[in-house]
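One letter stands for each residue in the lines below.
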Amino acid sequence: MKKTILSFALSVFFIAGNAQNLQEAIKKTENERFGAAAADFRALIAKDANKGEYYFYYGENFFNNDNIDSAFIMYKKGSEVQPTNGLNYAGMGKVQLVQGNDKEGNANLFKAKTLGAKNATVYMKIAEAYIIVPNPYKNLTEAIKLLTDAIKWEPKNAEARLLMGDAILEQNPAEGTGAIKEYNDAMKLNPKSPKGLLRIGKLYERGRN
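Described in the following lines is the structure provided in the data block.

**Comments concerning the overall build of the chain**
Inference 1: Secondary structure summary: the chain contains 11 helices and 0 strands in total.
Inference 2: Secondary structure elements in the chain, listed N-terminal to C-terminal, are α-α-α-α-α-α-α-α-α-α-α.
Inference 3: Residues counted as buried form 42% of the 209 residues belonging to the chain.
Inference 4: Counting only contacts in the chain whose residues sit at least 6 apart along the sequence, the fraction spanning at least 24 positions is 48%.
Inference 5: If you sum the accessible surface of the chain, you get close to 11,800 Å²; carbon and sulfur atoms cover 55% of it.

Rendered as structure tokens:
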């Protein structure tokens, strides 16, 4: 009995440690510490090579560092090691739309949506893809629908509010009221995050220009 309890405790500790390390690696990517983040992702994959989200966020690290070919390789690897995880299909679809391959890109985003039913994070990543890809591949109407569902499932998710603000602003760049409301809501949910404040600052700066 004691061995079983100890084994369970160690497994919980291992999972919690990996989750914390993943969040730290994601934060390094957001702060553009791409090399340090890459080292963390490699260490996480070495510990558990079958966890699809590690490959996805490693791919995001490459994507945000303007290395979309390596990003696609990482997303594809993640889809192979964990085919039921919708995140990596969202990543592949995003890259394909950026490259102008709308047929395969939209197919992968649709697959991500199918696999990620009622998963707020997957829906957010699909929505983000539709927001950031170039025209004519943007789909802001679908992005807003996806984010509406994500917010319904996770009403306290600040990132979903930020993305909703981005989608609204992309849909109507001349009108920032709706976007600012979403950014303010995100800041209320996560006062320690500077993302909402930065977005509002950029919006006001654009208005002055």
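**Some words on empty space enclosed by the protein**
Inference 1: The tally for this structure, following the rule as stated, stands at 2 cavities of 30 Å³ or more.
Inference 2: Taken as a whole, the largest cavity holds about 50 Å³ of empty space.
Inference 3: At the level of elements, α9 (158-171) and α10 (177-189) are the ones that each hand at least two residues to the lining of the largest cavity.
Inference 4: A total of 3 residues in the lining of the largest cavity trace back to one element, the largest contributor, which is α9.

**Quick word on helix α3 (residues 52-64)**
Inference 1: With 13 residues, α3 extends 19 Å between its outermost C-alpha atoms, agreeing within 8% with the 18 Å of an ideal straight helix rising 1.5 Å per residue.
Inference 2: For α3, a buried count of 11 out of 13 residues is recorded, marking the element as mostly surrounded by other parts of the structure.
Inference 3: Listed as buried for α3 are Gly52, Tyr54, Tyr55, Phe56, Tyr57, Tyr58, Gly59, Glu60, Asn61, Phe62 and Phe63.
Inference 4: Looking one or two residues past α3, Asp66 carries a phi angle of roughly 60°, positive in sign.

Scoring rules and cut-offs
Residues numbered from 1 in each chain as written. Predicted model: local features only at pLDDT ≥ 70, side-chain atom pairs only at ≥ 80, totals over all residues. Heavy atoms only, no water. Helix = DSSP H or I, 4+ residues; strand = E, 2+ residues; numbered from the N terminus. Buried < 20%, exposed > 50% of the residue type's maximum accessible area, 1.4 Å probe, protein only. Contact = heavy atoms within 4.5 Å. Areas by Shrake-Rupley, 256 points an atom, 1.4 Å probe, with all protein chains shown as cover. 1 Å grid on protein atoms, 1.4 Å probe; cavity = no way out; pocket = protein on both sides within 12 Å on 5 of 7 lines; lining within 4 Å. Points joined across faces, edges and corners; volume = space filled by probe spheres on them. Expected span 1.5 Å × (residues − 1).

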